[in-house]
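Here's the letter readout for the chains.
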Amino acid sequence: NDTSMQHRNLNHMTREERFSEAMRRTLYALKVLLPREGWTPVGPEMKYLARAIKEFTFIIHAGVFIPCIMSYGTNEQIAKWFPLAADFRIIGTYAQTELGHGSFLRGLETIATYDRANQEFIINCPKITAMKWWPGDMGKSANHVLLMAELVIDGKKYGMHGFMVQIRDLTTHEPLPGVTVGDIGAKLSFESVDNGFLYLQNVRIPRENLLSKLSEVHPDGTYIKKGNQRLMYGSMVRVRVNLIAHEIVMPLAKACTIAVRYSAVRRQGLINPSKEEVPVLDYVAQQHKLLPQVATVFMAHFAAKQLVKMHHDYSLEVEKGNTSQLPELHALSAGMKACLSEQGAAGAEIVRRACGGHGYSCGSGLPFIVNRMLATCTYEGENTVMQLQCARYLIKCADQAKKDKLTGSVWYLSDFSNMSCTAQTFGDLQEPSVLVKLHERRAKCAVQHAGKKMQNMVKNGTPAHDAWNMMATLLINAARAHIMQYVVGTSVTYISELSCSASLKKILTQLCALYALHNINSNCGDFVKFGCLTSAQCDLAQEAEFNLLKQLRPDAVGIVDSFDFTDDILQSCLGAYDGNVYERLFEWAKQAPMNKTEVHQDSYQYLQPYLHEGRDVLEGRGRNSKL
Ligand SMILES: CCCCC/C=C\C/C=C\C/C=C\C/C=C\C/C=C\CCC(=O)SCCNC(=O)CCNC(=O)[C@H](O)C(C)(C)COP(=O)(O)OP(=O)(O)OC[C@H]1O[C@@H](n2cnc3c(N)ncnc32)[C@H](O)[C@@H]1OP(=O)(O)O
Ligand SMILES: Cc1cc2nc3c(=O)[nH]c(=O)nc-3n(C[C@H](O)[C@H](O)[C@H](O)COP(=O)(O)OP(=O)(O)OC[C@H]3O[C@@H](n4cnc5c(N)ncnc54)[C@H](O)[C@@H]3O)c2cc1C
């Protein structure tokens with residue numbers, strides 16, 4: 001109800017206006033709405049922030065920079081920088097990606113050279129490709145960066161380390177000496193975020209600015225390693241875990257709310273020629289587009305909750321010095337981020353397209369969501385690279401499964417029980433336990449298939465790295481299969497353990513079965529190739545999915561209403577709760593800057609001469625009066 005937080009009509013703003021408006025809203029939200037003493041908003045404020053996140057800036061400051069201080073800083077460094085960052089007295093970003101490198105971190109070129117005489121690090125970008133490029137909040141907002149750079153002492157390289165570097169004056173906000181910084185220009189989305197470039201030349205920082213939880217440099221230049229160096233990649237694991245809820249589940253839920261509500265209102269065409277026009281949601285084709293995406297919201301939400309819990313448990317273990325769970329967590333978080341962002345971004349576009357022409361209007365709120373979700377496939381680990389990281393772990397586990405009983409998310413790789421499917425009816429294929437088994441078997445076969453192909457190539461003399469490269473597509477498929485079995489398995493468990501009404505559990509069970517069956521029907525080649533299903537059982541799987549669409553149709557609007565988005569958060573003429581689509585679209589269009597005058601003077605100057613000429617022609621005068 002606070003008018004300062006009401007969304008302005010963002011679609012009718014320039015990029016710079018949106019950047020300023022996002023900054024105003026963010027600081028107002030954080031400075032006014034949240035208790036000043038802490039950074040961990042709870043209750044309705046956090047729920048609001050999480051839902052309104054799309055129009056906030058400083059997400060990297062909040063979601064990456066601050067958590068990195070906690071992960072990589074010593075207690076003294078945390079005590080120094082956390083309060084400043086939490087209170088926005090310093091604004092930071094995570095500066096890792098460079099113009100020339102993003103995925104291959106060992107190729108990063110920014111150098112931090114230790115100057116023993118002055119006990120300082122000298123930061124340099126030796127060439128244009130070393131320039132930091134993309135970090136959010138860096139172009140115009142941040143006055144500090146957590147710079148990921150190659151540490152060099154006496155000519156020896158020690159790998160990527162994190163350095164706290166001030167880039168702008170805290171009073172004037174001007175760039176400091178040796179700092180060239182700015183915005184990288186218009187992007188597909190994130191209009192309100194100043195993703196930036198940063199060129200550092202001979203910038204000096206104190207030795208104490210090396211974040212030293214995992215390693216440190218003594219005044220005399222001695223390098224001390226203090227922990228598992230893979231923890232240096234830990235911030236990326238945490239962000240991958242966190243962004244699933246915020247940047248995949250939440251936006252997809254918004255898109256589904258808009259598309260399902262609109263499909264219940266939009267009447268177009270006839271099913272029974274003797275009846276009236278139907279809501280497009282009555283078309284099975286429309287249900288087949290929308291309802292599996294609604295199911296994806298729930299299943300991704302349940303799986304993400306499990307991953308967050310796993311990350312929390314792992315973090316407690318790391319505090320005790322136990323990093324044994326890191327490989328599995330890295331593989332799972334990389335795979336989940338890649339596969340769910342792929343599914344989510346594709347799903348948002350499917351539901352946008354299901355809204356016809358009005359789905360192409362920014363007034364629907366859908367293009368904003370689709371374009372923003374596309375970024376999740378690239379940032380925080382490009383999806384292909386992440387899927388291959390997941391596959392690397394799976395291939396290792398498949399080898400280990402030949403001699404050991406595996407546990408955790410890969411346990412099924414050492415399950416050699418009979419996994420053949422005995423389903424005789426489509427009802428059998430709606431059973432959660434059957435769907436879980438089918439996904440486990442498909443994943444196991446996909447991993448073993450990729451591994452076997454590579455082994456055979458190596459046996460025939462192909463170098464292992466070439467075999468890996470040539471089988472990459474099979475490895476990526478194995479990673480997808482692994483994540484799908486994880487999502488289905490964790491969701492079935494979560495729903496079975498949920499204490500809720502029988503009617504709610506029935507709906508959630510149906511949604512889970514719909515998600516699993518849609519996945520089977522979209523990948524039935526694998527399920528048949530690996531002997532998980534016969535061709536006849538694939539027909540039953542399709543029948544089972546169609547049956548669930550029919551069962552869920554009556555509750556479709558109620559299900560998306562349960563996401564509980566306000567109209568202000570949705571910012572959609574198609575998805576508003578009152579369903580007054582046409583009046584809202586017309587009002588929205590009339591507010592467009594193009595319509596502030598009846599005649600658009602700027603363009604009229606070009607049009608006018610032709611208009612006069614046209615009149616002359618019509619009245620028999622003018623150059624070619626034959627007309
Ligand atoms: C203000 C109001 C807002 C309120 C809301 C508040 C907060 C918001 C909350 C949440 C929002 C969430 C996030 C914010 C939203 C969006 C985020 C926006 C921007 C994203 C920012 C970025 O993009 S940061 C840059 C990301 N970049 C990457 O991810 C780079 C990817 N590349 C790599 O990670 C690596 O290069 C590599 C892993 C691909 C290869 O590394 P390399 O060193 O070559 O390793 P390998 O040889 O392949 O493997 C060696 C070994 O290491 C293991 N390993 C690799 N990575 C990890 C890891 N991360 N952890 C653990 N272990 C790892 C790997 O498995 C190998 O192990 P084995 O040898 O045992 O097999
Ligand atoms: C909206 C947005 C926000 C961002 N915010 C930040 C930020 O705050 N901080 C930050 O540091 N970075 C940020 N980034 C950068 C982001 O992390 C990188 O873009 C990402 O890591 C991918 O790296 P790249 O762009 O160099 O692509 P590349 O790695 O060059 O990938 C290009 C293509 O090559 C393929 N490829 C690369 N390596 C392999 C491989 N080993 N095997 C097979 N195929 C491969 C990829 O699949 C891809 O198709 C952001 C990016 C975006 C889009």
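Definitions and cut-offs
- Here the residue numbering is sequential within each chain, running from 1 through the sequence in written order.
- Note on labels: chains are lettered from A, ligands numbered from 1, in written order.
- For a predicted model such as this one, the threshold for reporting local features is a pLDDT of at least 70, and the threshold for listing and counting side-chain atom pairs is 80 or more; totals across whole chains, interfaces and linings nevertheless cover every residue.
- The basis for every side-chain value is the complete set of heavy atoms in the structure, and neither hydrogens nor water enter the calculation.
- UniProt positions are given in the numbering used here, feature names are shortened, and annotations may be inferred rather than shown by experiment.
- Going along the chain from the N terminus, every DSSP run of H or I of four or more residues is numbered as a helix, and every run of E of two or more is numbered as a strand.
- By this rule the span expected of a helix is its residue count minus one, scaled by 1.5 Å.
- A 1.4 Å probe rolled over the protein chains alone gives each residue an accessible area, and that area as a share of the maximum for its type sets the label: buried under 20%, exposed over 50%, partly exposed in between.
- Residues are treated as being in contact if the distance between any of their heavy atoms lies within 4.5 Å.
- Only a single heavy atom is needed: when it lies within 4 Å of a molecule or strand, its residue is near that molecule or strand.
- The definition of a polar contact used here is a pair of N or O atoms within 3.5 Å, where within protein one atom must be able to donate a hydrogen and the other to accept one, and adjacent residues in sequence count solely through side-chain atom pairs.
- All accessible-area figures derive from a Shrake-Rupley calculation using a 1.4 Å probe, and residue coverage is judged against the displayed protein chains alone.
- When residue character is reported, Ala, Val, Leu, Ile, Met, Phe, Trp, Tyr, Cys and Pro are called nonpolar, Asp, Glu, Lys and Arg charged, and the others, Gly included, polar.
- Salt bridges are defined by distance alone: a side-chain nitrogen of Lys or Arg within 4 Å of a carboxyl oxygen of Asp or Glu.
- Lines fitted to C-alpha atoms define the axes, with helix axes restricted to the stretch in contact, and inter-axis angles between N-to-C directions lie between 0 and 180 degrees.
- Geometric relationships in this document are graded by angle, where less than 35 degrees denotes roughly parallel, more than 145 denotes roughly antiparallel, 65 to 115 denotes roughly perpendicular, and other angles denote oblique.

The name given to the protein chain in an unreviewed UniProt entry is Acyl-coenzyme A oxidase, with Clavelina lepadiformis as the source organism. Turning to the protein chain, the UniProt annotation filed under Sequence similarities (unreviewed entry) states: "Belongs to the acyl-CoA oxidase family." The record in UniProt for the protein chain states the following under Cofactor (unreviewed entry): "FAD".

A closer look at helix H3 (residues 59-72)
Between its terminal C-alpha atoms H3 stretches 19 Å, which fits the 20 Å expected from 14 residues at 1.5 Å a residue. Restricting attention to buried positions, one finds in H3 the residues His61, Val64, Phe65, Ile66, Pro67, Cys68, Ile69 and Tyr72. Buried residues in H3 make contact with helix H4 (75-86), strand S1 (92-95), strand S5 (144-153), strand S6 (156-166) and helix H5 (234-265).

A look at the site of ligand 2
Residues in close proximity to ligand 2 total 20 residues, the closest being Tyr94, Thr97, Gly102, Ser103 and Glu382. Measuring from an oxygen atom of ligand 2, one finds a backbone N or O atom of glycine 136 at 3.1 Å. Contacts to ligand 2 include glutamate 382, whose side-chain N or O atom sits 2.7 Å from an oxygen atom. Within the complex, the protein chains bury 63% of what would otherwise be the 970 Å² of accessible surface of ligand 2. Broken down by element, the residue count for the shell around ligand 2 peaks at three residues, all from helix H9 (residues 383-401). Of the residues that constitute the shell around ligand 2, the class distribution is nine nonpolar, nine polar and two charged.

Focus: the pattern of salt bridges
Within the structure shown, the criterion is met by 28 salt bridges. The salt bridge involving arginine 18 is made with glutamate 191; its shortest N-O contact spans 3.9 Å. Of the two residues, arginine 18 is situated in helix H1 (residues 15-33) and glutamate 191 in the loop between strand S7 (179-183) and strand S8 (196-206); the sequence distance between them amounts to 173 residues. Note on arginine 18: relative accessible area 6%, which makes it buried. Connected through shared salt-bridge partners, Asp115, Glu120 and Arg204 make up one network.

Considerations on the site of ligand 1
Residues in close proximity to ligand 1 total 36 residues, the closest being Ser103, Arg106, Tyr233, Arg240 and Arg392. One of the backbone nitrogen or oxygen atoms of leucine 105 is found 3.1 Å away from an oxygen atom of ligand 1. Contact with the protein chains hides 86% of the accessible area of ligand 1, taken as 1500 Å² for the molecule alone. Breaking the shell around ligand 1 down by element, the ones donating at least two residues are H1, H3, H5, helix H7 (326-353) and H9. Here the shell around ligand 1 gets seven residues from one element, more than from any other, and that element is H5.

Brief notes about the packing of helix H6 (residues 284-319) against helix H13 (residues 502-522)
For any two helices packed against each other, one specifies the crossing angle of their axes together with the interaxial distance. One way to put it is that H6 packs onto H13 with a least axis distance of 8 Å and a crossing angle of 110°. With respect to their mutual orientation, H6 and H13 come out roughly perpendicular. From H6, His288, Leu291, Pro292, Val294, Ala295, Thr296, Phe298, Met299 and Phe302 reach across to H13, where they touch Leu508, Leu511, Cys512, Leu514, Tyr515 and His518. For the contact of H6 with H13, the per-class residue count stands at 12 nonpolar, three polar and no charged.

Some points on H9
For H9, spanning 19 residues, the distance from its first C-alpha to its last is 26 Å, which sits close to the expected 27 Å at 1.5 Å a residue. Every buried residue belonging to H9 is among Asn383, Met386, Gln387, Leu388, Cys390, Ala391, Tyr393, Leu394, Ile395, Cys397, Ala398 and Ala401, and all of these are buried. Elements that come into contact with the buried residues of H9 comprise H5, H7, helix H10 (432-459), helix H11 (464-470) and helix H12 (472-497). Backbone nitrogen of threonine 384 and a side-chain oxygen of the N-cap are separated by 2.9 Å at the start of H9; the cap is glutamate 382.

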